[in-house]
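Each chain, letter by letter, is given below.
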Amino acid sequence: MALPLQQPGQLHTPGFAHYSAAWSPFHTTRIALASSANFGLVGNGRLHIVSANPGPGGRPNLTIDKQYETQDGLYDVAWSEIHENQLVTASGDGSIRLWDIMLNDLPIRAWHEHTREVFSVDWSNLKKDTFASSSWDGTVKVWTPERPRSVVTLQAHHSCVYQALFSPHQPDLLATCSTDGTLKIFDLRTPAYLNTGPNTNTFTNPISASVLTVPASGTEILSLDWNKYRPMVLASAGVDKLAKVWDCRMVQTGEVGQVGGVCETTLPGHEYAVRKVQWSPHRPDVLATASYDMTCRVWTTNPPPGRPPLLQIHDPHTEFVVGCSWSLYDDGVLASCGWDGRLTYDYHPITLTTSGSQYTYVAKQNTSKGAQEKSMSIVLETPDTAATNWALHASSIWVSSIYLADHINELDLETLAGRNDRPLEILELGASAGLPSIAIAKSHPGVRVTVTDYPDEQLIKTLAANVEKNGVSSHCRALPYAWGTDPAPIAPRKCDGFDVVLAADTLWNPELHDIFIDALNKTLKKGPEARAHIVVGLHTGRYTIQSFLARVQNSGLDVINIEEREASGTARRPWDVSFAEREDERERRRWVIWIQLAWTPSMIKRNCFCT
């Protein structure tokens, strides 16, 4: 098994070929691995529970926490969506087993209705007490753990069903792919048999009615996946060596027997059959594929003009790569597994926590030019938000935020404070857990800090608690503020704005650039020495950052400095948007961009600024 990017972490299980890897939806570092002896052709199987933790030098360290033996090979595994320690496996003997990893040796439940190999299992993330299985016997079955038998059986295809997946958008829709070259979408609210014609015996050879059949390939389709952001958009992959993206939005879920689907993207490049395809849970345009050509590849369906869709080739495997799985928590983290018995894990993280987790920050350097002699420790809880605000990505502590905290001496706050007869006023926008602001408040007790984020009740509550428990509430306050609104409720006392405005990783959504710039204009003090410092991970994309810079130039603010900096090193270089033409995702994750803004000379001349 392997996980792609900087220095790959690897786990080798001699004698067992890996068929499927799945990240836990509850634990950020836990992976389940389904394996089979003798390449799954004959012999027993093994379920591994693996931990992926940072090791020496940043290299991921993969360790087996527990393993379970089975009488036949395992082809797939899926974590429960309601119980953090339970998962189901698909077996070559036609059985499905439910395991609890807090118990040893034996499954807690088993079912055996399929008459041939079970090749996939999938747990619904909408109906969380429900999972589905697909088999070489042509059927798809729907189960709940508490019932002794399946609750629905679909005679989905006349041939092998390689995969069946629930829609992440509509709880009663389920998609399948098959040896027959079709994708099908079934509506579980209207189970029925298809009338295939007057000369067909539907009693002994029935077929369930799908709401849509997509004739996707002239050969076998081995894998499919629903896009996590675009309802009714699916990806398929198979023996034709292609990954394809299908727009199925024309389907009427109340009707059956429709045929269609528009192929909006074809991704050629693999040399042999594509065994697995999976959309990123973090980005609507990114998907990964695993192939018998011994590579795992990452693609974008929306490349910049003139650029190919292929983002990365991951090739540490020495045998067929048959599984890949994106981390649900860390953007860009991908596990791959294959018949060489290796799980690989290779990435440079851009976030270090998940919602509700605790993070301890220890300053890497003195933060006030010699005034701070002892190391500084900050303990933070990572906030969560209401489900409607998950798109804010506020439930992580980002590498850019840590980088800013590590380098707050570069804000030159002592010099600015020496030029004022009042305490400096500092503002952080989009603060999440509030690390840079709290670091400033701890190392510079003479300043006043206002730390803000979107008005989500749980987010602001956690942010305020972080300020309180780190002992800086006397001169640091946490307040809600939505960009583009009146900043009067957060305005500093006895001054017309903030001397310094900070922001970390706030540029990822171009649609928010205008209101973010508006927030900068409304909050930054109208003075010649006022500064805004924006640190952003290069994963945001050079063109997105360049778009922001262009909009800033028309706002009365000026970019007085912009520099690319190595996130975990000391290298620095000038900003260059053209680097986008020759760097991959691995390289982008190594860098953050530090942007420093001030008022333009013309704005200074036009206004009577306070000092």
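Values in this document were obtained by computation on a predicted structure and should not be read as measured data.

Check the secondary structure of the protein and you find eight helices and 40 strands. Per-residue burial over the protein gives 57% buried out of 611 residues. Counting contacts in the protein only where the partners sit at least 6 residues apart, residues at least 24 apart contribute 61% of the total.

Topologically, S134 is positioned in strand β12 (residues 131-135). Since its relative accessible area comes to 0%, S134 is described here as buried. Along the backbone, S134 and E117 are 17 residues apart, and their C-alpha atoms lie at a distance of 8.7 Å. Every residue in contact with S134, bar those within four places of it in the chain, is listed here: E117, V118, F119, S120, T139, V140, V161, Y162, Q163 and A164.

On inspection of all chains with the given rule, the structure shows 15 aromatic pairs. Taking 5.9 Å as the distance between ring centres and 55° as the angle between the ring planes, the aromatic pair formed by Y19 and W339 counts as tilted. Of this pair, Y19 sits in strand β3 (residues 16-23) while W339 sits in the loop between β29 (334-338) and β30 (342-345); the two residues are 320 residues apart in sequence, bridging distant segments of the chain. In this structure, Y19 and W339 share a single accessibility class: buried. Where Y403 meets W594, the ring centres are 6.3 Å apart and the plane angle is 75°; that geometry is what we call edge-to-face.

In this section: a nonpolar patch on the surface. On the surface, a cluster of nonpolar side chains totalling about 280 Å² of accessible area is made up of M102, L103 and I108. Looking at the secondary structure, you find I108 in the loop between β9 (96-100) and β10 (109-111). Judged by relative accessible area, I108 falls into the partly exposed class, the value being 32%.

With numbering matched to this structure, UniProt assigns "repeat: WD" (unreviewed entry) to residues 87-101, 111-153, 154-196 and 267-299. Secondary structure content for residues 267-299 is 0% helix and 52% strand, while the C-alpha to C-alpha distance between its ends is 8 Å.

What follows covers the side chain of T144. Turning to its location among the elements, T144 is positioned in the loop between β13 (139-143) and β14 (152-155). Judged by its relative accessible area of 13%, T144 is buried. When neighbours within four sequence positions are excluded, T144 is seen to be in contact with W111, D129, T130 and V151.

This next bit is on the nonpolar core. Formed by 40 residues in total, the largest nonpolar core has its most connected members in Y361, I378, I426, L435 and I440. Not counting the four nearest positions on each side in its chain, I426 is found in contact with L413, I440, V447, R448, V449, T450, F498, V500 and L502.

The strand order across the open sheet built from four strands is β19-β20-β21-β23, with neighbouring strands paired in antiparallel fashion. Where the open sheet ends on each side, the last strands, each with one partner, are β19 (221-226) and β23 (262-267). The average angle at which neighbouring strand axes cross in this sheet is 25°, direction not considered.

Here is what the cut-offs are and how they apply
- Position numbers for residues start from 1 in each chain and track the written sequence from start to end.
- Owing to the predicted nature of the model, reporting of local features is limited to residues with pLDDT of at least 70; listing and counting of side-chain atom pairs is limited to 80 or more, with chain, interface and lining totals taken over all residues.
- Each side-chain value is derived from all of the structure's non-hydrogen atoms; neither hydrogens nor water enter the calculation.
- Numbering of helices and strands runs from the N terminus, with a helix taken as a DSSP run of H or I at least four residues long and a strand as a DSSP run of E at least two residues long.
- Each residue's exposure class comes from its accessible area (1.4 Å probe, protein chains only) as a fraction of the maximum for that residue type: buried when under 20%, exposed when over 50%, partly exposed otherwise.
- Should any heavy atoms of two residues lie within 4.5 Å, those residues are considered in contact.
- Only the six-membered ring of Trp is used, alongside the rings of Phe and Tyr, when aromatic pairs are assigned; centres must lie within 6.5 Å, and planes under 30 degrees apart are stacked while those over 60 apart are edge-to-face, with the rest tilted.
- Only residues whose relative accessible area exceeds 30% and that take part in no salt bridge are eligible for patches, with like-charged residues grouped when within 9 Å of each other and nonpolar side chains (Val, Leu, Ile, Met, Phe, Trp, Tyr) grouped when within 5 Å.
- Residue exposure ignores everything except the shown protein chains as possible cover, and the areas themselves are Shrake-Rupley values with a 1.4 Å probe.
- Salt bridges are defined as contacts in which a side-chain nitrogen from Lys or Arg sits within 4 Å of a carboxyl oxygen from Asp or Glu.
- UniProt positions are given in the numbering used here, feature names are shortened, and annotations may be inferred rather than shown by experiment.
- We call a set of buried Ala, Val, Leu, Ile, Met, Phe, Trp, Tyr and Cys residues a nonpolar core when their side-chain atoms join them within 4.5 Å.
- The pairing criterion is simple: DSSP has to find at least two bridges between the two strands.
- Simply put, an axis is a line fit to the C-alpha atoms, just over the touching stretch for a helix, and the angle between two N-to-C directions goes from 0 to 180 degrees.

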